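Notes for the structure review
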Amino acid sequence: MEKQWAGTTYGNGWMHKWLIRILKHIDTRVLYVVVAVFVIPICLLINRSCGITYRYFRHQHNYGRLKAAWNTYVNHCKFGQVVVDKFAMYAGKHFDIDIEGYEHYLALTDRAEGFIQLSSHVGNYEIAGYTLKADKKRINALLYFGEKASVMQNRSRLFTDTNTNMIAIRPDMGHLFEIDEALTKGEVVSIPADRIFGSKKTLTLHFLNNDAHFPYGPFSIATMRGLDVLAIHVLKTSWKKYHIVVTPLDYNKEATRREQIAELSKKYVDELERIVRHYPTQWFNYFEFWQT
């Protein structure tokens, strides 16, 4: 990975407000069509993500040239739909959501100890923050510190109903103190584990046919306290439906710290690969992720 994660939403506050107003009155599928026909073709011409995604399908999924090119377009369309859906929720619209493995989530929320949720840039993870409720625990979600104010305001409004607190990932690493405080209180911390942020320390793991860099921090935080860990992915299955997958990532807490980190990180990457192979067009990675 050549650059750090910069998870900010495109557009400015004025554009976001108008998009929310529009979505209050029209079907999301209308904007899906606009995005697919007018926006995505232009983005593919001017954005380097086109080549990155094409190589992802060619080399990581071994698709032929035409299939890789088509899926590059589909991937960007899916990303556009996910962005539209996010603003549709800000506008008050709702989606049908089913949860696989919800019992694992509820079991951990009933315990006194905190736990870690590891997310990735697959599908629409933000919906998990508005859906998975921990009535007995506060959820602390790590978010990019440079996100647009309009997006953060809408997130804050929707997160209120799920007892979710936002922790901004900051260059001075101050977010680590907030994470430590939350875990000391027995709360939940949600961390993206497929992007390098803050510390540049990484783990090299085999993922989709080649070695890739993953952040060291999320796995270090979990094993430092011997916490339970869940991987959570949110996949778009139709224009109105999402499917949340909750997977426990068990690891040997009696092993050495290095062995724990190695085992936990491999479990996470194996689960990410399983999900991505089932939903290859819903992994929204626009970085040069692999070493080769």
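Let me begin by describing the structure that accompanies this report. Every chain is numbered on its own, with residues counted from 1 as its sequence reads. Totals for whole chains, interfaces and linings use all residues, but because this is a predicted model, local features are given only for residues with pLDDT of at least 70 and pairs of side-chain atoms are given and counted only at 80 or more. Side-chain measures here rest on the full set of heavy atoms in the structure, leaving out hydrogens and waters.

Observations concerning helix α2 (residues 28-46)
Each helix is a run of DSSP H or I of at least 4 residues and each strand a run of E of at least 2, with the numbering of both proceeding from the N terminus. Given the number of residues in a helix, its expected span is that number minus one, multiplied by 1.5 Å. The terminal C-alpha atoms of α2 lie 25 Å apart, and with 19 residues this matches the ideal 27 Å at 1.5 Å per residue to within 8%. The term bend refers to the angle at a residue between two fitted axes, each drawn through seven residues, those ending there and those starting there. Its axis deflected by about 40 degrees at Val35, α2 carries its strongest bend there. Thr28, Leu31, Tyr32, Val35, Ala36, Ile40 and Leu44 are the residues of α2 that are buried. Capping the start of α2 is the job of one residue whose side-chain oxygen sits 2.8 Å from the backbone nitrogen of Arg29: Asp27. Throughout, exposure labels follow a simple rule: accessible area from a 1.4 Å probe, protein chains only, divided by the maximum for the residue type, with under 20% read as buried, over 50% as exposed, and the rest as partly exposed. Under the rule applied, a polar contact is a pair of N or O atoms within 3.5 Å (in protein, one hydrogen donor and one hydrogen acceptor; residues adjacent in sequence only if both atoms are side-chain atoms).

A look at the packing of aromatic side chains
Aromatic ring pairs are described here by two measures, namely the spacing of the ring centres and the angle between the planes. Stacked, edge-to-face and tilted are the three classes for Phe, Tyr and Trp ring pairs, Trp counted by its six-membered ring, which pair at centre distances within 6.5 Å; planes under 30 degrees apart are stacked, over 60 edge-to-face, the rest tilted. For the structure shown, the criterion picks out 21 aromatic pairs. Both rings, one in Phe79 and one in Tyr286, keep their centres 5.7 Å apart while their planes meet at 80 degrees; by these two values the pair is edge-to-face. Of the two residues, Phe79 is situated in helix α4 (residues 65-90) and Tyr286 in the segment after α10 (257-278); the sequence distance between them amounts to 207 residues. A centroid spacing of 5.6 Å and a plane angle of 80 degrees characterise the contact between Phe207 and Phe214, whose relative ring orientation is edge-to-face. Among the aromatic side chains, those forming a connected cluster through ring pairs are Tyr56, Phe57, Tyr63, Phe207, Phe214, Phe219, Tyr268, Trp283, Phe289 and Trp290.

Brief notes about the side chain of Asn75
Structurally, Asn75 can be placed in helix α4. Judged by its relative accessible area of 0%, Asn75 is buried. For Asn75, the side chain forms a polar contact with the side chain of Tyr286, separated by 2.7 Å. Throughout, a contact is declared for two residues whenever any of their heavy atoms are within 4.5 Å. Asn75 has contacts with Thr53, Phe57, Thr281, Gln282, Trp283, Phe284 and Tyr286, leaving out every residue within four places of it along the chain.

Quick word on the sheet that holds strand β9 (residues 241-248)
If you walk across this open sheet you meet the seven strands as β1-β9-β8-β2-β5-β3-β4, and the pairing is mixed. At either end of the open sheet lies a strand with only one pairing partner, and these are β1 (96-100) and β4 (164-169). Neighbour-to-neighbour, the strand axes of this sheet turn through a mean angle of 25 degrees, independent of strand direction. Sheet topology note: the strand β2 (residues 115-119)/strand β5 (residues 188-192) ladder contains five bridges and is parallel. The partner of Gln117 across the bridge, within β5, is Ser190. Across the face of the sheet, helix α8 (residues 175-184) comes into contact with β2, β3 (139-144), β4 and β5 while running at roughly 150 degrees to β4. For two strands to count as paired, DSSP must find a minimum of two bridges between them. Only C-alpha atoms enter the line fits that serve as axes; for helices the fit covers just the stretch in contact. Angles between N-to-C directions range over 0 to 180 degrees.

Looking at α10
Helical geometry note: an α-helix holds 3.6 residues per turn, so side chains three or four residues apart project in the same direction. Taking 1.5 Å of rise per residue, 22 residues should cover 32 Å, and α10 covers 32 Å from first to last C-alpha, within 8% of that figure. All of the buried residues in α10 are Gln260, Ile261, Leu264, Ser265, Tyr268, Val269, Glu271, Leu272, Glu273, Ile275 and Val276.

Topic: the nonpolar core
In globular proteins that are soluble, nonpolar side chains generally tend to be buried together. Here the nonpolar core consists of buried residues drawn from Ala, Val, Leu, Ile, Met, Phe, Trp, Tyr and Cys, with membership extended through side-chain atoms lying within 4.5 Å. By size, the foremost hydrophobic cluster in this structure holds 43 residues, and its most contacted members are Ile116, Leu118, Phe207, Phe214, Tyr268 and Trp283. If you tally residues by element for this core, the top one is α10, at seven residues. Once residues within four sequence positions are removed from consideration, Ile116 is found in contact with Leu183, Val189, Ile191, Ile221, Ala222, Leu227, Asp228, Val229 and Leu230.

Overview of a nonpolar patch on the surface
Patches draw on residues past 30% relative accessible area with no salt bridge. Two like charges within 9 Å are joined, as are two nonpolar side chains (Val, Leu, Ile, Met, Phe, Trp, Tyr) within 5 Å. Using a 1.4 Å probe, accessible areas were evaluated by the Shrake-Rupley method; residue-level cover was limited to the displayed protein chains. One speaks of a salt bridge when a side-chain nitrogen belonging to Lys or Arg is within 4 Å of a carboxyl oxygen belonging to Asp or Glu. Taken together, the side chains of Val30, Val33, Val34, Val37, Phe38 and Val39 define a hydrophobic patch exposed on the protein surface, amounting to about 500 Å² of accessible area. Relative to the helices and strands, Phe38 is located in helix α2.

Re the packing of α2 against α4
At their nearest, the axes of α2 and α4 sit 9 Å apart, and the two run at 135 degrees to each other. In terms of orientation, α2 and α4 fall into the oblique class. Crossing hand, α2 versus α4: right-handed. Contacts from Thr28, Leu31, Tyr32, Val35, Ala36, Ile40 and Leu44 of α2 reach α4 at Thr72, Tyr73, His76, Cys77, Gly80, Gln81, Val84, Asp85 and Ala88. For this scheme, ten residues count as nonpolar: Ala, Val, Leu, Ile, Met, Phe, Trp, Tyr, Cys and Pro. Four count as charged, namely Asp, Glu, Lys and Arg, and the remainder, Gly too, count as polar. Tallied by class, the residues present in the contact of α2 with α4 amount to ten nonpolar, five polar and one charged. The cut-offs work like this: below 35 degrees is roughly parallel, past 145 is roughly antiparallel, 65 to 115 is roughly perpendicular, and the gaps in between are oblique. Working rule for handedness: look at the near helix, and if it is turned counterclockwise from the far one by less than a right angle, call the crossing left-handed; if clockwise, right-handed.

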